[in-house]
Amino acid sequence: MVLSINSAAAARAAAEAAHPALGPGSVLADLNTAAPALKRELAALVGDAAFADVALLGSVPARGLHTPALASGGGARSFAEALTPLGMPVEIVSEHAGDAAARKLLRSVFMKGLAASAIESLDAAAVAGQLEWLESEIAGVIGEDLLQRLVDGSRRHAVRRMDEMEAAAELLVELGVDPKVARASAAVLARLAAESAEPAALE
Amino acid sequence: MKPIIAVLGLGEAGSRIASDLAAAGVEVRGYDPAPSTGPAGGGGGPPPRPPPGPPAAGPRERRSAIWPVEDWASRTRPVRMARATIASSLTCALMSPTPGRQLQAATWS
């Protein structure tokens, strides 16, 4: 079992590197958040039976090996049989690579959209002098912990999540849905990424 | 038989999962990427340097694309994979569970 845990941009290079080393019965599990089309390309590269498309649902730094996962593709069952006894809750979605990634991205449209909404409204509230009030209001709806994770996680992982939302937007276009929220979320994350890349102001 | 799982990519998520796998009794073979220095390389972390370990020779020259786990312990920013190479004769095994995001123990074989 080989786990690729990188980024969509590195997924192909990792699969190409791993492919020659995969023995009979070995499975390459791609845990990167990527578009379904890329997952299908990776499956074609290493062979359907030897590939598992895995989508992690939740924060890995917070939950580690216990992060819930969706798996699809010819190697999904092998992945589940290997990782479930070790503590990872794995739901097999289908035998088709890309299906797990699609589910995650559909979820991300909501979760990252929620995060973008929280960030933009809080930014505005800060300017209006209403930050504490709005934080309390939002926390009353979604909980303080989730609000904190949405805001902090968006800033910390802005670049990766921007890529994720662009992949989500591509998926929605494929499905015939106008990805207004997905693109807006990507734009908010792009701003956060740019802000974090800016050098600190001189004092 | 003790399961063997290779982990390609030991950034924030990969290192955590590798550590948990090791703690669960799995023989983990972790492969670090060769970090890039551009914007996709983790926000401009330190430039790559040759990995320590046995001198490269012959087929083991492929290790130029592999970064030992111990080198990552000093890194504070996530680094994206630029390229990773698996060489069956060269493994980097996590020898003990490690807390948080730090990987503290690694050996070359």
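Keep in mind the model is a prediction, meaning the values are calculated, not measured. (Residues numbered from 1 in each chain as written. Chains lettered and ligands numbered in written order. Predicted model: local features only at pLDDT ≥ 70, side-chain atom pairs only at ≥ 80, totals over all residues.)

Asker: So what's going on with the overall build of chain A? Which residues, and what values?
Answerer: A count of helical and extended segments in chain A gives nine helices and five strands. Listed N to C, the secondary structure of chain A is β-α-β-α-β-α-β-α-β-α-α-α-α-α in terms of helices and strands. Principal-axis analysis of the C-alpha atoms gives chain A an extent of 60 × 40 × 30 Å. Here chain A holds 203 residues, and 45% of them are scored as buried. Put simply, of all contacts in chain A between residues at least 6 apart along the chain, 58% involve residues at least 24 apart. (Helix = DSSP H or I, 4+ residues; strand = E, 2+ residues; numbered from the N terminus. Buried ≥ 20, exposed ≤ 12 C-beta atoms within 10 Å, placed from the backbone. Contact = placed C-beta atoms within 7 Å.)

Asker: Describe the overall build of chain B, and please don't skip the residues or the numbers.
Answerer: Along chain B, the regular secondary structure elements total two helices and four strands. For chain B, the sequential pattern of α-helices and β-strands runs β-α-β-α-β-β. Here chain B, with 109 residues, has 43% of them falling under the buried criterion. For chain B, the share of sequence-separated contacts (at least 6 apart) that also reach a separation of at least 24 residues comes to 61%.

Asker: Any chance you could break down the nonpolar core for me, citing the residues and the numbers?
Answerer: By size, the foremost hydrophobic cluster in this structure holds 81 residues, and its most contacted members are A:Leu3, A:Ala29, A:Val54, A:Ala71, A:Phe79 and B:Val7. Looking at which domains feed residues into this core, each of domain 1 (2-97) and domain 2 (103-197) of chain A supplies at least three. (Core = buried A, V, L, I, M, F, W, Y, C linked by C-beta atoms within 7 Å. Domains from an automatic or database assignment.)

Asker: Go over the domain arrangement of chain A with me, naming the residues and quoting the values.
Answerer: All names here are of chain A. Once the domains are mapped, chain A shows domain 1 (2-97) and domain 2 (103-197). Taken over C-alpha atoms, the centre of domain 1 sits 26 Å from the centre of domain 2. Counting residues at the interface gives eleven residues for domain 1 and ten residues for domain 2. Of the residues belonging to the side of domain 1 that touches domain 2, the class tally is eight nonpolar, three polar and no charged. (Nonpolar A, V, L, I, M, F, W, Y, C, P; charged D, E, K, R; others polar.)

Asker: Run through the packing of helix 5 (residues 99-128) of chain A against helix 9 (residues 180-197) of chain A, naming residues and quoting values.
Answerer: Residue and element names in this part refer to chain A. Contact geometry for helix 5 and helix 9: axes closest at 9 Å, N-to-C directions at 55°. By the criterion of interaxial angle, the relationship of helix 5 to helix 9 is oblique. Where helix 5 crosses over helix 9, the two elements pack in a sense that is left-handed. Only Val181, Ala182, Ala184, Ser185 and Val188 of helix 9 make contact with helix 5, whose side of the interface consists of Val109, Lys112, Gly113, Ala116, Ile119 and Glu120. Partitioned by chemical class, the residues of the contact of helix 5 with helix 9 number seven nonpolar, two polar and two charged. (Axes fitted to C-alpha atoms, helices over the stretch in contact; angles between N-to-C directions. Parallel < 35°, antiparallel > 145°, perpendicular 65-115°, else oblique. Left-handed = near helix turned anticlockwise from the far one by under 90°.)

Asker: Residues and numbers for the pairing of strand 1 (residues 4-8) of chain B, please.
Answerer: Across the five residues that make up strand 1 of chain B, a large majority, four, are buried. Examined bridge by bridge, strand 1 (residues 2-4) of chain A and strand 1 of chain B share three bridges and lie parallel to one another. What sits directly across from A:Val2, in strand 1 of chain B, is B:Ala6. (Pairing = 2+ DSSP bridges.)

Asker: Quick one: what's the story with helix 7 (residues 144-156) of chain A, residue by residue and with numbers?
Answerer: Residue and element names in this part refer to chain A. An ideal rise of 1.5 Å per residue puts 18 Å on 13 residues; helix 7 measures up with 18 Å between its terminal C-alpha atoms. Taken together, the buried positions of helix 7 are occupied by Leu147, Leu150 and Ser154. Each buried residue of helix 7 sits inside an arc of 65° when the element is viewed along its axis, so together they form one side. Along helix 7, the residues that are exposed and aim more than 90 degrees away from the buried face are Glu144, Asp145, Gln148 and Asp152. (Expected span 1.5 Å × (residues − 1). Arc of directions from axis to C-beta.)

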